[in-house]
Every structure is written in C-alpha cells, then in structure tokens.
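Understanding the architecture of this molecule
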Amino acid sequence: MTADVVPAGERDLIRVEHLRKLYPVRRRGVFRSRQTGEIRAVDDISFTIRRGETLGLVGESGCGKTTTARAMLHLIEPTSGSAFFGDVDVLEVFAEGRREDTLKIRRRMQYVFQDPYLSLNPRWTIAQTLLEPFRVHRHVPEADWHRRLVELLHLVGLEEYHAWRYPHEFSGGQRQRVGIARALAVEPEFVICDEPVSSLDVSVRAQILNLLVELQAKLRLTYLYISHDLSSVRFVSNRVAVMYLGKIVEMAAVDELFSHPMHHYSYALLTAIPVPDPDVPAGRSVLVGEVPSAMRIPQGCRFHPRCPAATEVCRTVEPPLAPAGGDRLLACHHPR
Amino acid sequence: MTEAPAAAALATAPPARPPGMWRQGWQRFRRNRTGMLGLTLVCIVVLVALSCAWIAPYEPNDQSAMMRFGSREGPTWAHLFGTDRMGYDVLTRVLYGAPTALAVGIGAMLVASVIGILIGGISGYLGGMADELLMRFTEFFLVIPVFIVILAVVRLFGIVVVGSPLESIPYLNLMTIILLLGLFGWPSIARMTRAEFLRLKEMEFVEAARCIGATRRDIILRHILPNALPSLVVIVALGIGGAILAEAMISFLGFGDPKAISWGQLLFFNYEALKVAPWASIAPGSAIFMTVLGFNLLADGLSDAFNPRLKQ
Amino acid sequence: MTEPGAARPLLDVRDLRVHFFTGAGIVRAVDGVDFAVQPQETLGLVGESGSGKTVTSLTLLRLSPRPARVVGGRIDFEGEDILTKSEKAMTGVRGKRMAMVFQNPAYSLNPIYSIGDQLGEIVRWHEKVGRREGDARVTELLRLVGITDPGARLRQFPHELSGGMKQRVCIARALLCNPALVLADEPTTNLDVTIQAQILDLLLELKDRFRTSMVLVTHDMGVVARMADRITVMYAGRICETADARTIFRSPQHPYTRALLESMPRVDHSYARDDARRLPVIAGRPPNLIEPPTGCRFHPRCPEAGEECRRIMPEPKAIGPGHTVSCLKRGSSGVAA
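Residues numbered from 1 in each chain as written. Chains lettered and ligands numbered in written order. Predicted model: local features only at pLDDT ≥ 70, side-chain atom pairs only at ≥ 80, totals over all residues.

Remarks on the overall build of chain A
A count of helices and strands for chain A gives 11 helices and 12 strands. Relative to the globule expectation of 20 Å for 336 residues, the C-alpha radius of gyration of chain A, 21 Å, shows essentially globular dimensions. Considered along the principal axes of its C-alpha atoms, chain A spans approximately 70 × 60 × 50 Å. A buried classification covers 53% of the 336 residues belonging to chain A. Summarising the internal contacts of chain A: among those between residues at least 6 apart in sequence, 63% fall at separations of at least 24. (Helix = DSSP H or I, 4+ residues; strand = E, 2+ residues; numbered from the N terminus. Rg over C-alpha atoms; globule rule 2.2 N^0.38 Å. Buried ≥ 20, exposed ≤ 12 C-beta atoms within 10 Å, placed from the backbone. Contact = placed C-beta atoms within 7 Å.)

Points about the overall build of chain C
The secondary structure content of chain C amounts to 12 helices and 14 strands. For a compact globule of 337 residues, the expected C-alpha radius of gyration is about 20 Å, and chain C comes in at 21 Å, within 12% of that figure. C-alpha atoms of chain C, sized along the principal axes, occupy 65 × 55 × 45 Å. Looking at chain C residue by residue over its 337 residues, the buried ones come to 47%.

Some words on the sheet that holds strand β11 (residues 322-323) of chain A
Residues and elements named next belong to chain A. Read from one edge of the open sheet, eight strands run β6-β7-β8-β3-β9-β10-β12-β11, paired in mixed fashion. With one partner strand each, in any of the chains shown, β6 (109-112) and β11 form the two edges of the open sheet. In terms of strand pairing, strand β3 (residues 54-58) meets strand β9 (residues 239-244) through four bridges, oriented parallel. Its bridge partner lying in β9, Leu57 is registered against Ala241. (Pairing = 2+ DSSP bridges.)

Things to note about helix α9 (residues 216-252) of chain B
In this model α9(B) runs just 47 Å from its N-terminal to its C-terminal C-alpha over 37 residues, more than 12% under the 54 Å that 1.5 Å per residue would give. Following α9(B) by one or two positions, B:Gly254 has its phi on the positive side, about 90 degrees. (Expected span 1.5 Å × (residues − 1).)

Concerning the pairing of strand β1 (residues 11-22) of chain C
All names here are of chain C. Direction of pairing for β1 relative to strand β2 (residues 25-37): antiparallel, over a ladder of nine bridges. Bridging across to β2, Phe20 finds its partner in Val27. Linking β1 to β2, which pair antiparallel, is a turn of two residues. As defined by bridge partners, β1 adjoins strand β4 (residues 68-77) across eight bridges and the pair is classed as antiparallel. Across the sheet, the residue bridging to Leu11 is Phe77, located in β4.

Focus: the interface of chain A and chain C
Each partner contributes residues to the interface: chain A has 41 residues there, and chain C has 43 residues. If you list the elements that add at least two residues to the side of chain A that touches chain C, you get α7 (202-219), α8 (230-236), α9 (254-259) and α10 (264-271) of chain A. Counting residues per element, the side of chain A that touches chain C draws most heavily on α7(A), at 10 residues. Classifying every residue of the side of chain A that touches chain C gives 21 nonpolar, 13 polar and seven charged. (Nonpolar A, V, L, I, M, F, W, Y, C, P; charged D, E, K, R; others polar.)

Points about the nonpolar core
Counting residues in hydrophobic clusters, the biggest one holds 210 residues, and the most contacted among them are A:Val242, C:Ile171 and C:Val224. Two domains each put at least three residues into this core: domain 1 (39-62 + 90-97 + 180-265 + 279-336) and domain 2 (105-176) of chain C. Excluding anything up to four places from it in sequence, C:Ile171 contacts C:Val101, C:Val145, C:Leu202, C:Leu203 and C:Leu206. Counting residues in hydrophobic clusters, the runner-up holds 67 residues, among them B:Trp186, B:Leu238, B:Ala243 and B:Ala248. (Core = buried A, V, L, I, M, F, W, Y, C linked by C-beta atoms within 7 Å. Domains from an automatic or database assignment.)

Considering the packing of helix α4 (residues 126-137) of chain A against helix α6 (residues 172-184) of chain A
Residues and elements named next belong to chain A. Packing of α4 against α6 brings their axes to within 8 Å, and their N-to-C directions diverge by 25 degrees. When the axes of α4 and α6 are compared, the pair comes out roughly parallel. Of the two elements, α4 crosses α6, and the hand of that crossing is right-handed. Only Val178, Ala181 and Arg182 of α6 make contact with α4, whose side of the interface consists of Ile126, Thr129, Leu130 and Pro133. (Axes fitted to C-alpha atoms, helices over the stretch in contact; angles between N-to-C directions. Parallel < 35°, antiparallel > 145°, perpendicular 65-115°, else oblique. Left-handed = near helix turned anticlockwise from the far one by under 90°.)

Some details on the environment of A:Ser237
All names here are of chain A. Along the chain, Ser237 falls in the loop between α8 and β9. For the pair Ser237 and Phe85, spaced 152 residues apart in sequence, the C-alpha separation works out to 20 Å. Not counting chain neighbours up to four residues away, the residues in contact with Ser237 comprise Thr54, Leu55, Gly56, Tyr225 and Val254.

Some details on the sheet that holds strand β5 (residues 88-89) of chain A
All names here are of chain A. Reading across the sheet, the four strands line up as β2-β1-β4-β5 and stay open at both edges, with antiparallel pairing between neighbours. Each edge of the open sheet is held by one strand with a lone partner, namely β2 (33-50) and β5. Bridging between strand β4 (residues 80-85) and β5 involves two bridges; their strand directions are antiparallel. Of the residues in β5, the one forming a bridge with Phe85 is Val88.

Observations concerning the environment of C:Thr232
All names here are of chain C. Mapped onto the fold, Thr232 is located in strand β9 (residues 230-235). For the pair formed by Thr232 and Ala245, sequence separation is 13 residues and the distance between their alpha carbons is 9.1 Å. Setting aside chain neighbours within four positions, we find Thr232 in contact with Phe35, Leu43, Gly44, Leu45, Val46, Ile239 and Thr242.

What about the domain arrangement of chain C?
Residues and elements named next belong to chain C. When the domains of chain C are assigned, the result is domain 1 (39-62 + 90-97 + 180-265 + 279-336) and domain 2 (105-176). Spacing between the C-alpha centres of domain 1 and domain 2 amounts to 31 Å. Each partner contributes residues to the interface: domain 1 has 13 residues there, and domain 2 has 12 residues. Per-element tally for the side of domain 1 that touches domain 2: the top contributor is helix α8 (residues 193-210), with seven residues. Residues that form the side of domain 1 that touches domain 2 fall into these classes: nine nonpolar, three polar and one charged.

Topic: the pairing of strand β1 (residues 12-28) of chain A
Residue and element names in this part refer to chain A. Two strands pair when backbone bridges link them, and β1 and β2 are joined in this way by 14 bridges, in the antiparallel orientation. Within β2, the position partnered with Pro24 by the bridge is Glu38. Of the strand pairs in this sheet, β1 and β4 are connected by five bridges, and their pairing is antiparallel. Paired with Val16 across the strands is Ala83, a residue of β4.

Thoughts on the confidence of the model for chain C
All names here are of chain C. Across chain C, pLDDT averages 89, with 98% of residues at or above 70. Across residues 1-5 the pLDDT falls below 50, and counting only partners more than four positions away or on other chains, this stretch makes one contact in the model. At the level of chain-chain contacts, confidence expressed as ipTM amounts to 0.87, with global pTM at 0.86. (pLDDT = per-residue confidence, 0-100.)

Here we look at the confidence of the model for chain A
Predicted coordinates in regions of low pLDDT should not be interpreted in detail. When pLDDT is averaged along chain A, the result is 90; 96% of the residues meet or exceed 70. Across residues 1-8 of chain A, confidence stays below pLDDT 50; counting only partners more than four residues off in sequence or on other chains, it has 12 contacts.

Observations regarding the environment of C:Val70
Assignment of secondary structure puts C:Val70 in strand β4. For C:Val70, a count of 17 C-beta atoms within 10 Å translates into the label partly exposed.

Overview of unusual backbone geometry
Leaving glycine aside, a negative phi is the common case for residues, and trans is the common case for peptide bonds. The phi angle at C:Asp15 is positive, at roughly 50 degrees, despite the residue not being glycine. With respect to the helices, strands and loops of the structure, C:Asp15 is situated in strand β1.

Quick look at the structure:
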C-alpha cells in the first residue's frame, strides 16, 4: 500500500498513518535469545478523527484496539508509523524525547483508563492525584490551584470535601470520575477513553456515559472511545471503526455501521450481542471457530478462515481498506 | 466521615502526609496476635538496648566475682543469672549484648536495603538488558558461600589491620561484620524490589502519571517506591533477624569482635563449661532466640497486615 | 409450604439468609431470599455486584466462602433440605445432581491434570465405573459440547486450550453425571462476544438435550433475555421482582428493574447525535451492606420512594400469574424494620 487511503482534511484533528506495533517472540537459549516469530498486534492501520467527534474503536480482545491507543500516547513504543495532531507528528516528538515538546503534547492529549481501582495511586488523596498535572505542567498559577481543583471536582460531579479522601473510600463510579477529572486537569483537546465503563456496575455505567457526553459538549472535546461493549459505543460514538486481528476492517458512521454492517465480521459481532428483549433475535452465533493467534495471521484476508462468504481470492489477496460509498471504508472482497 | 475543616489549608498546598495505607495496615496488624507478640519482643529488645547502661547491675567488664572465687556460680540474688567462667555477671553481659545485636541487625539491613533497593529498582524499572545483567549479578551473589567468605575476610582483615592506623577505630571488627552481612544480604531485597517495581510500573496509575508527563524521578520516588514499601518492610524485618543470627554464629565460631559484647561471643566463651555452668550459655542463647523470633513474628504479622488475602 | 398435589419445584429456596462475619461488621450479603426452579426451567438470577447473586448460587451447593454463614432459611432440592445434609451426603449432590459452571474457566480447571484425568475422575467417583467407561463418557460429552477430535483432547492440559474451549470443557464437566440442576455463574462474562454467542447457543442446546434445569447468574440483561424462562432481579441481598422473561422486559413493575432496563444503552437503538443526549440513570451508588438502608433497600435511589419506603421492608407480593414484586408502591405489605 503506497497511497494514503485516508484523505486528509481540515476537519481532522488526529491522523494516524501506517501505525504498526510488532512484538518479537523470542525463544530463550542459554546464552542468547533467538527471535522465532512476531506478534502483529497492530498491523499497519490508518484512520482520522475529526474535531469534536467521538470515534468508537471496537473489536474483541487481542484485536489491537488498546495497543493502538497506547501507542498514540507513547505508553508503548510503536514499531513504525505516525500520528499527526494537527501538523505535529506526536510519535516523532515522543521519539525525540525533548521534555518541553512532549509536555506540550501531553497537555493536548489525555487518557482515561479502564479500571478505576488500579488507575489511582492508593496512597494519594484525590487532591494529590488531581494536583499532579498542575505540578508537572505549571499551567495554572499556584494561587489558583485550589479554585481549579474545586472546579474540576464539580465538573465531574464530585464535591469539594472529596478532595481529602483516599481512593479506597470511593465507589467505582466515583473513582472513574476522578480519573476523568485528572485527564481534564491539563485542559486537553483530545481524550482517549479506554473501556471507561466496562469495570463499573451496570447501574453506574449510564452516569459515566452521560458525563462523557456532557463534558464533550461543554469542553469541545474529541474522543477516541475504545470498547468491546458495542451498546455503549452506539450511544457515545459518531463514527465507528471495527478492528480484527490488528487491522481495521470497516469504518463508518455509527448508525450506518450498526444497521447495515457490510463486513462479515462486523455483522457477526453485531448479531452476537444479546439484547435485553426476548423477542429480538440477537446474541446468536454466526461464526465458527475462534480468533486465530496474532502470531499466525492467515494469508490473504485475515478473516477468511471464519468467513461464511470466503472464496479463493480471499485466501490469497488481502483486501485494502477502501471507500465503499458514503462515509464508509471497508476491507472486504465480498461485502454483504 | 472526615469532614473538611482543612478547606483553608488547601489554599496553600495539598496535604502532604498521606496516612491511609499505613494506618489501615496498623489496624489490621493490631488484631494479629502473633504479630503483636513479635512487636512486643522487638520492643523489649530495643528498650533493653537503649537502657542497658542504667539497668544492668554491674559494669560489663567487671570480673570482680572472680576475686571472690565466684566464677561459674549459679543464679543468686547478687547475680540473678549467675556468673560465667571468667567471673562476669551473665545478666549484665546479656543486657549489653542487645545494642550489639540491634546494631548488627539494623546496620546490616540498612546497607542491604540501600544496595538492594537500588539494584532491584533499576532492574525492575528499566527492564531489558539492564534487568538481565543485574539479575545475573544478583544470582551470582546468591550462590556465594557467604559464611565462609565472611569468616575468611574477617580473619584476613584482622591480620592486615594490625599495626596500621585503622587499628585505633573502635569496634572496627564489628563494623566489618556488619558491612559484610549487608553486602551479602541484599539479593533478597533486590529481588523483592524488582518484583514490586515490575508489578507496579504496569499499574494504570503509573501509566496515568506518565500520561500526565511526570518525570521518571517522580514516578519512581512518588508513585512506585511508596507502594512497594510495605512488602520491603516485611523482608527487611525478616532480614534483621537473619543478620542477628548470622552475627551470633560468626561470634560463636570465635570470629567476632573481641571488644564488643555479643550473645554469640558469650556462647563461644561458655559452651565448654556447658555442664558446670549451663546458665551462662542458656541466657545468651535464649536472648538470641527471643530476638530472632520477635523479628520473624513481626515480619509475619506485617506481611499479613499489608497483604491481606481476604479483602472485604 | 408446597400444597399437596401441586407440581413440586425442583429447587425451592425459602427466606435464605447468608451473612459474612468480618472484622468491619456483619455483611448481610443475602438477606431473606425466596425463589423456586421448576424442572427443565432456566431461571435467570440478575443483579449487580454486591446484590448477593453469586453468594446465593454458591450457597445452593453449600460452597459459600469462609466468613459467610447461613443464618436462616431452607433450600429444598429434590425434596430434601440441602442445609441440613451432612458434608458426606453433599458430595453425592455436588457434581452429580447439581453442578456448577464458573465465571472464569481458567481458574476452575486444575492446571496439572489432563482434561481426561480430571473429568474422568468425576465420572468414576460418582458413577462407580471403570476407566474405560469413564473415558468413553467424557469423550461423548466433549463431542457434545462441540470440541473437535475429543479423543485427542483427553490428553491435553488446560493451558493448551483457548478460553472458549476451556469453558466448553467446564460445561462438559458439569453435565457428566446428568445433573438435575446446573448453576452457571456468569459463564460468559470473561469471553469475547462472538465466543459468548457460541457458548450461549451451546447451553441452550444442551439444556434441551439433557432436560436439566438451570440457574443462570449474571449481571447482563441481554444474556438473560436470550437464555431465561423466568427472571429474578436481586438488589442488595433482597429480591425485587420475579416474573417470566417476557413480563420482566415488557412490563417491569419494580422501580429498580425499570431503571436498570432503561439505563442500559442498547445496541439495537439509534441515538440522536446531539450533545444533549442522555441515558436515564439510577442516581446514587450501590449500598453498603454492613449498614444497608432501612426499609426498602432501594429507597435511597428510587424515584418513586415515599416516606413509608424508608421505614417498611416490603415483602414479595403476587401481582399476576408467576409475577411477584417487593415494592410498597405496588401493593406489597411489609414489616417495619
């Protein structure tokens, strides 16, 4: 693939190009280790995120969605590729590692983590956790720290007295609010939400989802929302990208994708989700077999061994992610 | 419910001292009987060590009992634990052994902790090649027959030092032993530190700090190390007991510091008279036993308090 | 209190109370729970974490963990009270008449025994048969749960199987002795959705083939909608509502059931793309079970709660065929707590 499949546009805030993350698989000998293979966790993916939208990134475990997000914020080092934030290739800046430059980027992009029980330092009060961004970035004069701290707490629906509590005194939902407040403390433009509700109780999920939508409107945020829970994706996202084994297989506006999935994998994923209505035929399996190991990615279309419509061409030629009418991108030889 | 009278305080700075985790640990520890027994034993040893100069009935080097043909005398009111074959009051000597034991235990573990935390921390945080090299280095230290090396070094050093200006340093021999015990005692601490660092550096709150842009120093000193401390405290407490025991063995073999009064040395002086004056061996032996037991129980209790299995 | 002549349920739980005696206080994990399971029926036991659903299911097998004690109630299974049985008699129930499928298949198989060994042992122990017959039975079941080449799998170890395969093995293990009741505790929560769909299909098929009853414990309303004949909704150690599946989803009566269903985003629902879109929420957070709210457990979060809900703990009230609700606003009576 040489030409960019993703047209760059004015409205794009983030442009990820040819991002790859390979993990070498080594067999350890007595004296040295030998590389015996590689796991292609993220295998040359490109996409854009528009200013002010929420892009949902969905897929099953091991499809590379979290790896993609972590690579964008350099929590892991990508093997190759670039991620443009405006005109700046953030991955290049991280690789160079000049502190002023990386801090500038960290102020624009933030991350909300999956597990609120692990994402707060158990030894720190909420105030300490929320003031850390101020300490690092110094973007707020120290005299205003208290005022900003209270503002942040109120922004995410917490009270001032919560600041002196420790994480163990909070419920999961409240902790996740703190995690969101920490991400917002640097006033970012772009926030990656990595399964922000999947470890929360059902009755609390709606609160956090509403909060995310509300904050997006209030602060003009752009989200990358990663989840395996397609119901919440449907609620928060404007566009959705479906990943399978390290590749994006389909990408479209949320309602288009959910009501007319064109890739056979997207379709299988959607029909597999049980719906809280006994009369709706859902939660059914149309796929045989399981996801192959990312160490042995099939030749040709990587979905062909499980695909009901696979033909000879699917076994040999890998379909590129190409425009498929409207706003949709699709990587399939025989779309539904 | 902690309410917020601190509203005014916050305007100046965030609260600096977080008591949460330690206080929780203490509450769990208090309910742990064996742990409290250990703590009590350790406290007794520490109190004795601090006050031995005042509570001991005789001077530590008072051999006057010898003049009255009172050596190897069984317990009497004058000598509660009896006297030994050189006319020392056993009780006095045992009391004076406490500061030596604590100095050895704490000193050796201080040295070991500094080295262990540094090496384990670097190894765990950096990973990769540095980890590989440092861990091989640690394993190398684990296979050295520590005891023989220490005995050899102590003896050789004792010979080399004769006639040099170093000779005038008090307790030089004891300090050598402390240093050597520290130098060979760090691998277990390094391994524990590495394991904790490996576990903690993958935790989401550490990643969150990296996302914020915190420096590596901040991440290590403010996020990872404080959360690793509970496990380290446990292993250090265990190590203190071990070091005390090791010093007792060294002294028992006659390689100890002749000028320092140590329980092992008391055993060394008196074991030949075990049949005629058993009290002179039993008292220091029991002191070693109680102290080491105390530290081990303390470590056990701490480990239960900080790593509760059944978290409700 | 079953009337003579009426079809006797397979499992009848009456006023079950399980409390955890911890240092911090008594946790009332299960606090007066009634439900019944008819032969060949699937009952969905739905609730959030801390609702007591898992403790309830473990107690049915007398497997509730250490600080927990059953402090009241009875569990009649096949006409005998499980709670008064000797430990020895229980071994004849567990795995033989009542079997369990756990949430995490990775932890519920013993890693040091081959699949054939650990499943074969169960058959040999319960059915008193030889190795050859035992292996034949295991192979037969592995084939039924959709494992290809079951003869070869007998010699494999759990770590050689994927998560979905392990859960299939666990299901085979549960069905080995043809139990009357299978307890499935979040059997698909740790699996990917496409694998979950396969496992759900499998459970439905096997339930028909083996004519077993099932208690499906889950927090996922979608899964129960797909699987259950009747549904019991739990909140904070109490039962809110029991009804057949269609009634629960079509006309839920308890405010908690309603709120729970409304607050879930739905994959088959199109949401407006404006910034003002909101999901209906359940305010507040799940209660602390050491000091549960007085009266109705749900009243602090309930939009309909009145003054009496604070004082009176509602008792289940039948409001339709097979439909019971514990809510003062739906006509329940209750005792002041």
